[in-house]
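# Notes for the structure review
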Amino acid sequence: MNQNASQTLSRDQIRVRTPMRCPICQEHLRDTLIRDLGGVTASIVWQLHAGRCDTHGWFQTEVVSRPPREIFAVTKPFGAARRIVIEGREYFAFPTTWNDLPADERRMPVDPLDERYWQTKRLA
Ligand SMILES: [Zn+2]
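Now for a description of the structure that goes with this document. (Residues numbered from 1 in each chain as written. Predicted model: local features only at pLDDT ≥ 70, side-chain atom pairs only at ≥ 80, totals over all residues.)

## Examining the overall build of the protein chain
- Across its full length, the protein chain carries 3 helices and 8 strands.
- What you see in the protein chain, going N to C, is helices and strands ordered as α-β-β-β-β-β-β-β-β-α-α.
- Here the protein chain holds 124 residues, and 24% of them are scored as buried.
- For the protein chain, the proportion of contacts with a sequence separation of at least 24, taken over those separated by at least 6, is 41%. (Helix = DSSP H or I, 4+ residues; strand = E, 2+ residues; numbered from the N terminus. Buried ≥ 20, exposed ≤ 12 C-beta atoms within 10 Å, placed from the backbone. Contact = placed C-beta atoms within 7 Å.)

## Topic: the pairing of strand 4 (residues 57-64)
- Summarising the sheet, strand 3 (residues 46-53) and strand 4 pair through 8 bridges and their orientation is antiparallel. Each bridged residue has a counterpart across the sheet, and for Trp46 the counterpart in strand 4 is Val64.
- Linkage of strand 3 to strand 4, two consecutive antiparallel strands, is achieved through a turn of 3 residues.
- Where strand 4 lies against strand 5 (residues 70-74), 3 bridges are found, and the strand directions are antiparallel. Among the inter-strand pairings, Trp58 is bridged to a residue of strand 5, identified as Val74.
- Hairpin remark: strand 4 followed by strand 5, antiparallel, with 5 residues in the connecting loop; positive phi at Ser65, about 70°. (Pairing = 2+ DSSP bridges.)

## Examining the pairing of strand 2 (residues 30-36)
- Bridge count between strand 1 (residues 12-14) and strand 2: 3 bridges; the pairing is antiparallel. In the strand pairing of strand 2, Ile14 is matched with Leu33.
- Relative to strand 3, strand 2 is paired through 5 bridges, and the arrangement is antiparallel. What sits directly across from Ile34, in strand 3, is His49.

Right, here's the structure in full:
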């Protein structure tokens, strides 16, 4: 991927591939952003991922060395949490398959960006 000099100074990568999908319809997200919070400790993966579904709006999650346990609905990238109502039920967060693993399996070393752990239950 080609990046110009000004972009390499930014902590935000835009239109990048993220394992995150829309937790409602499972579509790939648009306008994806990854903000690297790892800073000085390069060995630790610490990132915020955000992206937008055309139908269901913005979502984001945080990766700290492990796959995320929940994906959150937000008003904008890195913005406030928002409520989504689906068939009369309110949702703020959507648990991932990683969240559903038994605790001893979550202690295994895994790639935090392995999309198998980022899946959510299909809601629509
Ligand atoms: Zn969607």
